[in-house]
Amino acid sequence: MSNIVDPLVGRIAARVRTERERRRWTLAQLADVSGVSQAMISRIERGESSPTAVVLGKLSAAFQLSVASLLALAEGTPDDAQGVAGVRRRTDTAEWRDPGTGYRRRQITGPNFPAEVAEIRLPAGARVPYPAAAFAFVRQVVWVLDGHLTFHDGDTVHELDTGDTIELGEPAERVFVNTTDSVCRYAVILTRGTQP
């Protein structure tokens, strides 16, 4: 699948550019804070490249947003922006696909809901690391819906099966790994806090 075919690429591009400009950062400043190259940020902002989950983790950490928040803002619909409650059909919900791992993410709640809920499908053999800063200012629970997830929380490794949950504590480097031969489906539920 071409990165450019993904309908969210343009919205992610606009969200990254908006967040950078809100802070009055140059591309060089965002590159310095995030650890993502200036060239890659420029390609993302122009909609020429879909960022991987790892790159989104670094950018969201630089903005002090969760990856879920960054993507939820990009995935929002006009109804979401107006705070309209109601039914959201599966077919009307955009799904983001990580071009690097095939990881797929669908936002369940709208941007005005007090908690962010996302459904993740992690392909067999996929490994997605996030920096500790991506977890600052959020409280988060991971709930395995189907399959098996190997979850690295700093130096601690948790083997999670269908129905298992983990509530995350202080920010740490975290890695989501699927060591099995089938897709692992899990939900991420988070709320924003006032301190890391």
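For every chain, the first residue of the written sequence is number 1, and numbering continues from 1 onward in sequence order. Given that the model is predicted, a residue must reach a pLDDT of at least 70 before its local features are reported, and side-chain atom pairs must reach 80 or more before they are shown or counted; all residues, however, enter totals for whole chains, interfaces and linings. The side-chain numbers reported here are obtained from all heavy atoms of the structure, hydrogens and water having been left aside.

### Section: the overall build of the protein chain
Then comes step 1: Only DSSP runs of H or I covering at least 4 residues are called helices, and only runs of E covering at least 2 are called strands; the numbering of each starts at the N terminus. A count of helical and extended segments in the protein chain gives six helices and ten strands.
Then comes step 2: Counting only residues that meet the buried cut, the protein chain has 45% of its 196 residues in that class.
Then comes step 3: Within the protein chain, counting contacts between residues at least 6 apart in sequence, those at least 24 apart form 66% of the total.
Then comes step 4: Using a 1.4 Å probe, the Shrake-Rupley method yields the accessible areas, and only the shown protein chains count as cover for residues. Of the roughly 9600 Å² that the protein chain leaves accessible, carbon and sulfur atoms contribute 50%. The cut-offs for exposure are 20% and 50% of the maximum accessible area for each residue type, with area from a 1.4 Å probe on protein chains only; residues under the lower value are buried, those over the upper are exposed, and the others partly exposed. Contacts were defined at the residue level, with two residues in contact if any of their heavy atoms lie within 4.5 Å.

### Describing helix H3 (residues 38-45)
Then comes step 1: Here H3 has its buried residues at Ile41, Ser42, Ile44 and Glu45. Each buried residue of H3 sits inside an arc of 160° when the element is viewed along its axis, so together they form one side.
Then comes step 2: Packed against the buried residues of H3 are helix H1 (8-22), helix H2 (27-34) and helix H4 (53-63).
Then comes step 3: Trailing H3 by a residue or two, Gly47 shows a phi angle of about 75°, which is positive. An arc is given here, and it is the one of the directions from the helix axis to the C-beta atoms.

### Some words on unusual backbone geometry
Of all residues except glycine, most have a negative phi; of all peptide bonds, most are trans.
Then comes step 1: Unusually for a residue other than glycine, Arg24 sits at a positive phi of about 60°.
Then comes step 2: Turning to its location among the elements, Arg24 is positioned in the loop between H1 and H2.
Then comes step 3: Given a relative accessible area of 75%, Arg24 falls into the exposed group.

### So, the side chain of Asp153
Then comes step 1: One can find Asp153 in strand E6 (residues 148-153).
Then comes step 2: Among the residues examined, Asp153 registers a relative accessible area of 19% and is labelled buried.
Then comes step 3: N or O atoms closer than or at 3.5 Å make up a polar contact, with two conditions inside protein: a donor-capable atom paired with an acceptor-capable one, and, for residues adjacent in sequence, both atoms drawn from side chains. A distance of 2.6 Å separates the side chain of Asp153 from the side chain of Arg174, its partner in a polar contact.
Then comes step 4: What Asp153 contacts, discounting residues up to four positions off in sequence, is His158, Leu168, Ala172, Glu173 and Arg174.

### Some thoughts on the sheet that holds strand E9 (residues 174-177)
Then comes step 1: What makes two strands pair is DSSP finding at least two bridges between them. Spatially, four strands are ordered E4-E9-E6-E7 in an open sheet, and the strand pairing comes out antiparallel. The open sheet has two free edges, formed respectively by strand E4 (127-130) and strand E7 (156-161), since each of these has just one partner strand. Strand-to-strand twist of the sheet, defined as the mean angle between neighbouring strand axes without regard to direction, takes the value 15°.
Then comes step 2: Across six bridges, the pairing between E6 and E7 is antiparallel. The residue of E7 that forms the bridge with His152 is Val157. Helix axes are fitted only over the stretch in contact, all axes being lines through C-alpha atoms; the angle between N-to-C directions runs from 0 to 180 degrees.

### So, the sheet that holds strand E10 (residues 184-192)
Then comes step 1: What the six strands build is an open sheet, ordered E1-E2-E3-E10-E5-E8; its pairing is antiparallel. Edge positions in the sheet fall to strand E1 (95-97) and strand E8 (165-168), since each of these pairs with one other strand and no more. The average undirected angle you get between the axes of adjacent strands in this sheet is 20°.
Then comes step 2: Relative to strand E3 (residues 116-122), strand E2 (residues 104-107) runs antiparallel, the two sharing four bridges. Paired with Arg104 across the bridge in E3 is Arg121.

### Things to note about the pairing of E9
Then comes step 1: Of the two faces of E9, the one lined by Arg174 and Phe176 and the one lined by Val175 and Val177 are each fully buried.
Then comes step 2: Relative to E9, E4 runs antiparallel, the two being bridged by four bridges. Each bridged residue has a counterpart across the sheet, and for Val128 the counterpart in E9 is Phe176.
Then comes step 3: In this structure, E6 lies alongside E9, joined through four bridges in antiparallel fashion. Directly across from Asp153, in E9, lies its bridge partner Arg174.

Structural measurements only, silent on function.
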